[in-house]
Amino acid sequence: MRAIAIGPYTLKTNVLLAPLSGCSDLAFRLICREHGAKFCFYEMIDANSLVHHSRGSDDLLKTTAKDKPIAAQLVGGDADIMLKAAKILLEKVDIPFLDINAACPVKKMIQKFSGANLLRDPKALYKIVKTLASKLDLPITVKLRIGYNHVDLKEVTTIAKNCEKNGAAALFVHGRTRSQLYAGEINYEAIKAIKHAVKVPVFGSGNIFSPEMAKKMFDLTDCDGITVARGAFGNPWIFKQIEKGEAFPVSLAEKLKVLKKHLSYIEKYKVTRSGYKVGFMRKIAIWYLKGFPEAAKIRAEVTRLETYEKIIALIDSIIID
Ligand SMILES: Cc1cc2nc3c(=O)[nH]c(=O)nc-3n(C[C@H](O)[C@H](O)[C@H](O)COP(=O)(O)O)c2cc1C
């Protein structure tokens, strides 16, 4: 673990939990922190939604004293709306830096000229970075992908340098293009090219599913830090494993204990309709219910359950050898 300066802020770890829409809620962050995550992100926040109906953000911004330190990320395509949203956000949260999403591949975001679309319209991105960095009193960072449809090292390093020039204090780089969505190879060379093109810290993202993959990201890119994303789904132990430099076995009993705790946090903290809440619990349960003889049958059963209590009863019925 190495400290990293993001503007005047000192980040005390170089392994972060990534922003994960629909996943990195308070319950998940608390579970990750209890297993070694030292810095987390809120889920991505849509600038337009925050400006127009800010009450809808209650669940997204739910936090507790133990859920610190934490950063936030805004997605949007218009500098003025992003600034308005950032000001509303900063009234509600205590964060050391704010990230701008220029990486989200989802069609809905692209159609709103935001997320990864900013890679096709870098001037709009620079304007957002400049506006936020010059008008707000905290460091602004940017999450990039390495291209929209294809990788052009000159183009993506130019985008990275211009983000820095306009005030970005760090860059988070997912080593895939927008077209790749979440599948396929990670282009380590492109992350490395970005790292060497700028002076601000660069964090690598993509396929961090094990301590070996984490080491590979550091070794092949020279990056300053990494963000763990899908690798933490049902596997919060990954943070301690990365710190240790090697994977260690996790027993089924331990997995089920942590799953039950995770579900209890969702039950306690999630601010949403009860039907949605149970659906969300089913998704989380499926993350953990893998790698034992009856797992497929149990996963199929989970998808039919309609209450928190029934999911817990099913987990309790799993026979541990
Ligand atoms: C379900 C899901 C939601 C995500 N939400 C966000 C998000 O809100 N903001 C963001 O910058 N990246 C988001 N990402 C991208 C991840 O942070 C990460 O860059 C990407 O998954 C690559 O890492 P991985 O291959 O280790 O999962 C999301 C990814 C997934 C799978």
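Given the structure is predicted, the values throughout are model-derived calculations rather than measurements.

Observations regarding the overall build of the chain
1) Next: Looking only at helices and strands, the chain has 13 helices and eleven strands in total.
2) Next: Over its C-alpha trace the chain gives a radius of gyration of 20 Å, about what one expects of a compact globule, namely 20 Å for 321 residues.
3) Next: Seen through its principal axes, the chain has C-alpha atoms that stretch 60 × 45 × 35 Å.
4) Next: Burial statistics for the chain: of 321 residues in total, 44% are counted as buried.
5) Next: Pairs at least 24 apart in sequence give 68% of the contacts found in the chain among residues at least 6 apart.

Comments concerning the domain arrangement of the chain
1) Next: Splitting the chain by domain gives domain 1 (4-244) and domain 2 (252-317).
2) Next: Here domain 1 and domain 2 have C-alpha centroids that lie 28 Å from each other.
3) Next: The partner domain 2 presents twelve residues to the eleven residues of domain 1 that form the contact.
4) Next: The class makeup of the residues in the side of domain 1 that touches domain 2 is six nonpolar, one polar and four charged.

Points about the pairing of strand E7 (residues 98-102)
1) Next: In terms of burial, E7 is largely enclosed, as five of its five residues are buried.
2) Next: Neither face of E7 is left uncovered, since the one carrying Leu98, Ile100 and Ala102 and the one carrying Asp99 and Asn101 both have all their residues buried.
3) Next: Pairing geometry for strand E6 (residues 70-75) and E7, over three bridges, is parallel. Counted as the bridge partner of Leu74 is Ile100 from E7.
4) Next: In this view, the connection linking E6 to its parallel neighbour E7 by way of helix H3 (residues 79-92) has right-handed handedness.
5) Next: Looking at chain direction, E7 and strand E8 (residues 140-145) are connected through five bridges and run parallel. Following the sheet pairing, Ile100 is matched in E8 by Val142.

Focus: the nonpolar core
Note that soluble globular proteins tend to have their nonpolar side chains buried in a common cluster.
1) Next: By size, the foremost hydrophobic cluster in this structure holds 96 residues, and its most contacted members are Leu74, Val129, Leu132, Ala168, Leu171 and Val228.
2) Next: When residues of this core are assigned to domains, at least three map to each of domain 1 (4-244) and domain 2 (252-317).
3) Next: Other than its neighbours up to four places away in sequence, Leu171 contacts Thr141, Val142, Leu144, Ala160, Cys163, Ile194, Val198, Val200 and Val202.

Thresholds applied
Residues numbered from 1 in each chain as written. Predicted model: local features only at pLDDT ≥ 70, side-chain atom pairs only at ≥ 80, totals over all residues. Helix = DSSP H or I, 4+ residues; strand = E, 2+ residues; numbered from the N terminus. Rg over C-alpha atoms; globule rule 2.2 N^0.38 Å. Buried ≥ 20, exposed ≤ 12 C-beta atoms within 10 Å, placed from the backbone. Contact = placed C-beta atoms within 7 Å. Domains from an automatic or database assignment. Nonpolar A, V, L, I, M, F, W, Y, C, P; charged D, E, K, R; others polar. Pairing = 2+ DSSP bridges. Right-handed = clockwise from strand over helix to strand, strands pointing away. Core = buried A, V, L, I, M, F, W, Y, C linked by C-beta atoms within 7 Å.

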